[in-house]
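This is what each chain is made of:
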Amino acid sequence: MAKKFFKKFFPQILLLFLAALFFLSAPKKEKTFKTALLNPKRSVQKIVLGDPKFGKISLEKAGSFWLGKKEFSDGKAAFFPCDSDAIKGLLSALKKISTVAEVSGSKKLSSYGLEKGGAFFLGLYDDGEKEAVSIYFGSLDSRRRIFFFVPKRQKIFAIDSQPLAPYLSLDMNFWASPEIFPKDIVGADKKWRRGKMALSPKGQALLAQDFDWSGAKEKIFDAGDGNLYKALFLPADEGDYYCLFLARPSAQRPQVEKEALKKINSISLVSSWTFERLLLEE
């Protein structure tokens, strides 16, 4: 009896089995919604970007400008004036309304490049060092979406990587001001651009304290408001010059800016062409 039943209804049973198999193996439909990763009204005073393998960079508001800090494996830290346009670009990308897909709970972090010790970290903080946003970014999928994990929600999401990808960087050259006299500090664009930040052959920072600047060439910029700025130059390899930016702030300058200006110790490279014409400029 059972054999006759199975033989009679075998095609229907096979179809039901295949349909069930397809249903179980088919990807679940993602829940999508529109949102911004950062509240557009939220004030951000500090940004921290980190990677377990390559260290971290912090960018902190200091009055009218931002000061960056890059930590190196030899224990040194480079402090540098930031490119405010790059920071505005990051904050704009985070505040943009985008389509976000909810992918999974937190139990499958390693499947999305979000395992502990392997994900890229982004933290944003307000005036009181209160954490406004904390996000871990992982791998990309076939649709060029980047997976990210929000600890407060204990969920994994996916979002179009294009707007954010350029800003998930620990490269000092990306975040540092491109000007020899940073416009956000001196209050004017002097048009003179630096080259790359100076690093040792092992990729460690070259800092102001590593050089004797007593015989350096200098270019002074008097802003006319009590603030005095100076660029010092020492010969480097292949005809380039090491460049150090210094500031003597006025008595009226906010204390937070004075303290930040004292910390600047990063060295950049300047071409001989730029060096020669900068010194000739009146």
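Since the model is a prediction, treat every value here as computed from it, not as a measurement.

### Observations concerning the pattern of salt bridges
- The final tally for this structure, using the stated rule, is ten salt bridges.
- Two residues, K183 and D85, come together in a salt bridge whose shortest N-O distance is 3.8 Å. Separated by 98 residues along the polypeptide, K183 in helix α4 (residues 183–186) and D85 in helix α2 (residues 84–95) bring together distant segments of the chain.
- D85 gets classed as partly exposed once you look at its relative accessible area, which sits at 45%.

### What about the nonpolar core?
- One finds I47, L49, L59, F137, F148 and W175 to be the most contacted residues of the largest nonpolar core, which totals 40 residues.
- Of the residues forming this core, the biggest block, six residues, is contributed by α2.
- Discounting residues that sit within four places of it in the chain, W175 has contacts with L49, I57, L59, F80, P81, C82, D83, A86, I87, L90, Y167 and S169.

### What to know about the packing of aromatic side chains
- With the rule as written, the count across this model stands at 16 aromatic pairs.
- Summarising the aromatic geometry, the rings of F181 and F245 are spaced 6.2 Å apart at their centres and angled 85° between planes, so their arrangement reads as edge-to-face. Here F181 is found in the loop between α3 (172–175) and α4, whereas its partner F245 is found in strand β13 (residues 241–248), with 64 residues between them in sequence.
- F181 sits in the buried class, given a relative accessible area of 2%.
- On the basis of relative accessible area, F245 is assigned to the buried category, the value being 7%.
- A ring pair is formed by Y229 and F245, whose centres lie 6.0 Å apart and whose planes are at 15°; its orientation type is stacked. In this pair, Y229 is assigned in strand β12 (residues 228–235) and F245 in strand β13, connecting sequence segments 16 residues apart.
- Under the relative-accessibility criterion, Y229 is labelled buried at 1%.
- Among the aromatic residues, those joined into a ring-pair cluster are F33, F137, F148 and F157.

### A closer look at empty space enclosed by the protein
- If you walk through the whole model with that rule in mind, you get two cavities of 30 Å³ or more.
- For the largest cavity, the calculated volume is near 150 Å³.
- Along its surface, the largest cavity is lined by 16 residues, and P81, R194, F245, S266 and S268 are the ones closest to its centre.
- Going through the elements one at a time, β5 (77–81) and β13 are the ones with two or more residues in the lining of the largest cavity.
- Sorting elements by how many residues they give to the lining of the largest cavity places β13 first, with three residues.
- Counted by class, the lining of the largest cavity contains eleven nonpolar, three polar and two charged residues.
- Roughly 40 Å³ of volume is contained in the second largest cavity.
- In this structure, the second largest cavity is lined by C82, D83, S84, S177, P178, E179, P182, K183 and D184.
- Across the lining of the second largest cavity, the residue classes tally to three nonpolar, two polar and four charged.

### A short note on α2
- Here α2 is twelve residues long and its end C-alpha atoms lie 16 Å apart, about the 16 Å a rise of 1.5 Å per residue gives.
- Among the residues of α2, those classed as buried are S84, A86, I87, G89, L90, L91, A93 and L94.
- Its buried side turned inward, α2 meets β2 (46–51), β3 (55–62), β4 (65–71), β7 (120–125), α3 and α4.
- A distance of 3.0 Å separates the backbone nitrogen of D85 from a side-chain oxygen at the start of α2, and that oxygen is part of D83.

What counts, and at which threshold
Residues numbered from 1 in each chain as written. Predicted model: local features only at pLDDT ≥ 70, side-chain atom pairs only at ≥ 80, totals over all residues. Heavy atoms only, no water. Salt bridge = Lys/Arg side-chain N within 4 Å of Asp/Glu carboxyl O. Helix = DSSP H or I, 4+ residues; strand = E, 2+ residues; numbered from the N terminus. Buried < 20%, exposed > 50% of the residue type's maximum accessible area, 1.4 Å probe, protein only. Core = buried A, V, L, I, M, F, W, Y, C linked by side-chain atoms within 4.5 Å. Contact = heavy atoms within 4.5 Å. Phe/Tyr/Trp six-rings, centres within 6.5 Å; stacked < 30°, edge-to-face > 60°. 1 Å grid on protein atoms, 1.4 Å probe; cavity = no way out; pocket = protein on both sides within 12 Å on 5 of 7 lines; lining within 4 Å. Points joined across faces, edges and corners; volume = space filled by probe spheres on them. Nonpolar A, V, L, I, M, F, W, Y, C, P; charged D, E, K, R; others polar. Expected span 1.5 Å × (residues − 1). Polar contact = N/O pair within 3.5 Å; in protein donor to acceptor, adjacent residues only side chain to side chain.

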